[in-house]
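# Commentary on secondary and tertiary structure
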Amino acid sequence: MAAAAGGGGGGWPAVCGKFRAARTLSAVESLKDPETEPYRSKYSARALLQEVKQLLSAAEECGEAQVLAVRRAVLEYELGVNHTDTEELSAGEEHLQRCTQLLEPHRLSPDCVSLYIQAQNNLGILWSQRDEIETAQTYLESAEALYNQYMKEDGNPPLDPSEHFMAEEEKLTDQERSKRFEKAYTHTLYYLAQVYQHLDMIEKAAQYCHTTLKRQLEYCGYYPVEWARNAATLSQYYLSKECFMEARHCLAAASVIFSQAGQVPSAEDNETEQDQHDLPERKAEIARCWIKYCLNLLQSARKLLEDNIGELDPDRQLELKAQRKKEEDEKEKGRKKAVLFGTSDICDSVLAMEEKVSSVYPLDFQEAREIFLVGQNYVQEAKEFFQVDGYVTDHIEIVQDHSALFKVLAFFEEDYERRCKMHKRRIDMLEPIYADLNPQYYLLICRQLQCELADTYYEMMDLKVAIGNRLEKLDSHTVKKINSLAQFAIKYYELFLDSLRNPDKVFPEKLEEDVLRPAMVAKFHIARLYGKLITSDSKKQLENMQTSLEYYTFLVDYCEKYPDSVPAVETELELSKEMVTLLPTSIERLRAKLPPCV
């Protein structure tokens, strides 16, 4: 029968030869096509496939119907992929649909199941390219269901589509068949993860992404840089859910697998010169994900530990330490099983990587500092690639994260002087960057930096006031320091508020939603800062109190005029109303003490 199905000179081996040549043209030769003819090899492959199709048609009456139907389906599949690759989606869809129609009656047989799943996968990709995501979802979920049904009802390694054009002695081993079938199913899950992400089914997308990554390692079907990037991206999802153990595991695996790039040949290793060129950038991207991990872990711990005025609550700290000791062991054992990546070799490397940084909430300064130092190392690593020249925005974001690491570490520091020094480090890294930025091109970043610098000076001023309050008498050095910090905070808040003015320097009547809270907080803080300035000159003190009252009044009047803005500044509004009531009396009292104007 095989010979009869050949139809024409050379018989069946010649048909198989043409088929194999077509696949080589598509997969290998097409990579070398010139930019002027990007699809040259694809078109040549298509012509060969059409020839094979004609030879099969000539042999139809000689062969067994199911065998011929499957071979025709293989050709329709190859032609479908070929047309999709050359961006002829309608023709691609027609061929792929024909393939599934031919296979439909036998789709659960070992001869057909792998091909059917791959055709469904490609229809899923095709509809995704048309932005018809729900249609893509239908095809991919159908492929997933078929895989599960086949594994349940049969489970033997099915034929790979290429085997339908092979001589008996060339057929694949069961092991190779299984590997290829599993790879096709891994692709189903990979595309489903993307589809779910498009449909905002984020949790499901993450679950499918995790399964895909596990399977790629299991079947050595991955490309290290891409795998590492996907694992690092998945870690950010786990961070958003505060699943720090899972996030750390993804990042540790990403770092380990990334280190294989260019060293370990894998089943999918299609590394190009461009990929090699991109390695430093990819490495820096993974470093940035590690920074976010350390920062999020520290910030989440702060939320757990802070009291209602944002200070560390020692009772809560003791309670959480006791609770952690009790829970830690059972929790980790149970969750580890579900998420582990890779073979034993990879697991050992990943576990060694994980041990370098905790995944439990830090509950004191020492624990927080260890996480901070890991984050800071990754800041240096990320900055090596993302330098100011060429990567302004990325570089600034990394420096802002570095500043945020210092900010959250300061929360755990009990000594006010040392805490002040940490904030000073933030000033030293942010001010030079701000000074070099042109607001015309980087307005949003300038505003972020103005607010952060103002808040940092404000925080330092508060700390210096607290240190001063412990002294029996305020010395002139402390007074000078408090005033200087307050003036710098006012300067940056005013710069931010000025950035909201129109070209005629007029402040907006109604504030845009995205700047409403920052602007109101800036006004509130300036009011408070004028109240904190220390002077022995009563006239100057009176001026400061009047300025303070003006800023508090602005906030109260604005919220009366625009009641929908109240939820954004409830706490500040309440305190401002109090000050608007109290300050006039204090001002009058002080004015009464002043000598009458000459």
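Residues numbered from 1 in each chain as written. Predicted model: local features only at pLDDT ≥ 70, side-chain atom pairs only at ≥ 80, totals over all residues. Heavy atoms only, no water.

Heads up, the condition is: UniProt positions are given in the numbering used here, feature names are shortened, and annotations may be inferred rather than shown by experiment.
The protein chain is annotated in an unreviewed UniProt entry as KIF-binding protein of Formicarius rufipectus. In its Sequence similarities (unreviewed entry) section, the UniProt record describing the protein chain reads: "Belongs to the KIF-binding protein family." A UniProt comment under Function (unreviewed entry) is attached to the protein chain, and it reads "Activator of KIF1B plus-end-directed microtubule motor activity. Required for organization of axonal microtubules, and axonal outgrowth and maintenance during peripheral and central nervous system development."

## What about the nonpolar core?
Going by this rule: In this description, a nonpolar core means a group of buried Ala, Val, Leu, Ile, Met, Phe, Trp, Tyr and Cys residues linked to one another through side-chain atoms lying within 4.5 Å. Exposed residues in this analysis have more than 50% of their type's maximum accessible area, buried residues have under 20%, and partly exposed residues fall in between, with area computed by a 1.4 Å probe over protein chains only. Under the scheme used here, helices are H or I runs from DSSP no shorter than 4 residues and strands are E runs no shorter than 2 residues, and both carry numbers assigned from the N terminus. Here, residues are in contact when the closest pair of their heavy atoms is within 4.5 Å.
The biggest cluster of nonpolar side chains holds 178 residues, and the ones touching the most others in it are Phe165, Trp227, Trp290 and Tyr293. Looking at this core element by element, the count peaks at 14 residues for helix H11 (residues 273-305). Excluding residues within four positions of it along the chain, Phe165 makes contact with Trp12, Val15, Cys16, Phe19, Arg20, Val52, Leu56, Arg71, Val74 and Leu75.

## A short note on a nonpolar patch on the surface
Formally: For patch building, the residue pool is restricted to those with more than 30% relative accessible area and no salt bridge; the joining distance is 9 Å between like charges and 5 Å between nonpolar side chains (Val, Leu, Ile, Met, Phe, Trp, Tyr). Surface exposure here means Shrake-Rupley accessible area, sampled with a 1.4 Å probe, where a residue is shielded only by the protein chains that are shown. The rule for a salt bridge is simple: a side-chain nitrogen of Lys or Arg has to be within 4 Å of a carboxyl oxygen of Asp or Glu.
A cluster of nonpolar side chains, namely Leu471, Leu474 and Ile534, defines an oily patch on the protein surface of about 210 Å² accessible area. The residue Ile534 is located in the loop between helix H19 (513-532) and helix H20 (538-561) in this model. A residue is classified by how much of its surface remains accessible, and Ile534, at 32% relative accessible area, is partly exposed.

## Observations concerning helix H15 (residues 392-412)
Defined as follows: For a helix, the expected span equals 1.5 Å multiplied by the number of residues minus one.
Relative to the 30 Å expected for 21 residues at 1.5 Å per residue, H15 spans 31 Å between its end C-alpha atoms, a close match to the ideal helical length. Here H15 lies mainly inside the structure; 16 of its 21 residues are buried.

## Notes on the packing of aromatic side chains
We apply this condition: Pairing of aromatic rings covers Phe, Tyr and Trp, the last through its six-membered ring, and needs centres within 6.5 Å; plane angles under 30 degrees mean stacked, over 60 mean edge-to-face, and all others mean tilted.
Applying the stated criterion to the full structure yields 28 aromatic pairs. Geometrically, the ring pair formed by Phe507 and Phe554 is edge-to-face, given 5.9 Å between the ring centres and 80° between the ring planes. Pair noted here: Phe507 is in the loop between helix H18 (476-498) and H19 and Phe554 is in helix H20, with a separation of 47 residues, a long-range link. We classify Phe507 as buried; its relative accessible area is 17%. Residue classification places Phe554 among the partly exposed residues on the basis of a relative accessible area of 24%. Ring plane angle 25° and centroid distance 6.0 Å describe the contact between Phe554 and Tyr558, whose orientation is recorded as stacked. Pair noted here: Phe554 and Tyr558 are both in helix H20, with a separation of four residues, about one helical turn.

## Here's the deal with the pattern of salt bridges
Summed over the entire model, instances satisfying the criterion amount to 39 salt bridges. Between Glu163 and Arg177 there is a salt bridge, and its shortest N-O distance comes to 2.8 Å. Of this pair, Glu163 sits in the loop between helix H6 (133-153) and helix H7 (174-198) while Arg177 sits in helix H7, and the two are 14 residues apart along the sequence. You'll find Glu163 and Arg177 in the same group, each marked buried. Across the pair Arg517 and Glu572 runs a salt bridge whose closest N-O atoms are separated by 3.1 Å. With Arg517 in helix H19 and Glu572 in helix H21 (residues 570-593), this residue pair connects regions lying 55 residues apart in the sequence. Residues joined in a network through salt bridges with shared partners are Lys53, Glu76, Glu94 and Arg98.

## Quick look at the packing of H7 against helix H8 (residues 202-218)
In plain terms, the rule: Axis definition: a line fitted to C-alpha atoms, over the contacting stretch in the case of helices. Angles run 0 to 180 degrees between N-to-C directions. Throughout, the term roughly parallel applies to angles under 35 degrees, roughly antiparallel to angles over 145, roughly perpendicular to angles from 65 to 115, and oblique to all others. For a crossing to be left-handed, the near helix must be turned anticlockwise from the far one by less than a right angle; the clockwise case is right-handed.
H8 packs onto H7 with a crossing angle of 155° between their chain directions and a minimal axis gap of 8 Å. Between H7 and H8, the interaxial angle falls into the category roughly antiparallel. Handedness of the H7/H8 crossing: left-handed. Facing Glu182, Tyr185, Thr186, Leu189, Tyr190, Leu192, Ala193, Tyr196 and Gln197 of H7, the residues of H8 in contact are Ile202, Lys204, Ala205, Tyr208, Cys209, Thr211, Thr212, Arg215 and Gln216.

## So, the side chain of His83
Looking at the secondary structure, you find His83 in helix H3 (residues 65-85). With sequence-adjacent residues up to four places away left out, His83 is seen in contact with Arg46, Glu88, Leu89, Ala91, Gly92 and His95.

## Section: H21
Rules: What is called the bend at a residue is the angle between a pair of axes, fitted to the seven residues leading up to and ending at it and to the seven starting from it.
Along its 24 residues, H21 runs 35 Å from first to last C-alpha, staying within 8% of the 34 Å computed at 1.5 Å per residue. The sharpest bend along H21 measures roughly 30° and falls at Leu582, with the proline Pro584 sitting one to four residues further on. Those residues of H21 that fall on the buried side of the exposure criterion are Glu572, Leu573, Ser576, Leu583, Ile587 and Leu590. Where H21 is buried, its residues touch H19 and H20.

## Re the environment of Asp154
As a reminder, the rule being used: A 3.5 Å cut-off defines polar contacts: any pair of N or O atoms within that distance qualifies, except that in protein one atom must be a possible hydrogen donor and the other a possible acceptor, and neighbouring residues in sequence count only when both atoms are side-chain atoms.
Structurally, Asp154 can be placed in the loop between H6 and H7. Judged by its relative accessible area of 33%, Asp154 is partly exposed. Distance in space between the C-alpha atoms of Asp154 and Arg425 is 65 Å, their sequence separation being 271 residues. Within the local environment of Asp154, its side chain forms a polar contact with the side chain of Asn156, the two groups lying 2.9 Å apart.

## Observations concerning unusual backbone geometry
Phi angles above zero are rare outside glycine, and Asp200 is one such case at about 60°. Structurally, the position occupied by Asp200 is in the loop between H7 and H8. You can call Asp200 exposed: its relative accessible area is 61%. Backbone geometry at Cys220 places phi at a positive 50°, although glycine is not the residue there. Owing to a relative accessible area of 40%, Cys220 belongs among the partly exposed residues under this scheme.

## Let's talk about the environment of Met245
Along the chain, Met245 falls in helix H10 (residues 244-258). Judged by relative accessible area, which is 5%, Met245 ranks as buried. Separated by 109 residues in sequence, Met245 and Glu354 have C-alpha atoms that sit 9.1 Å apart.

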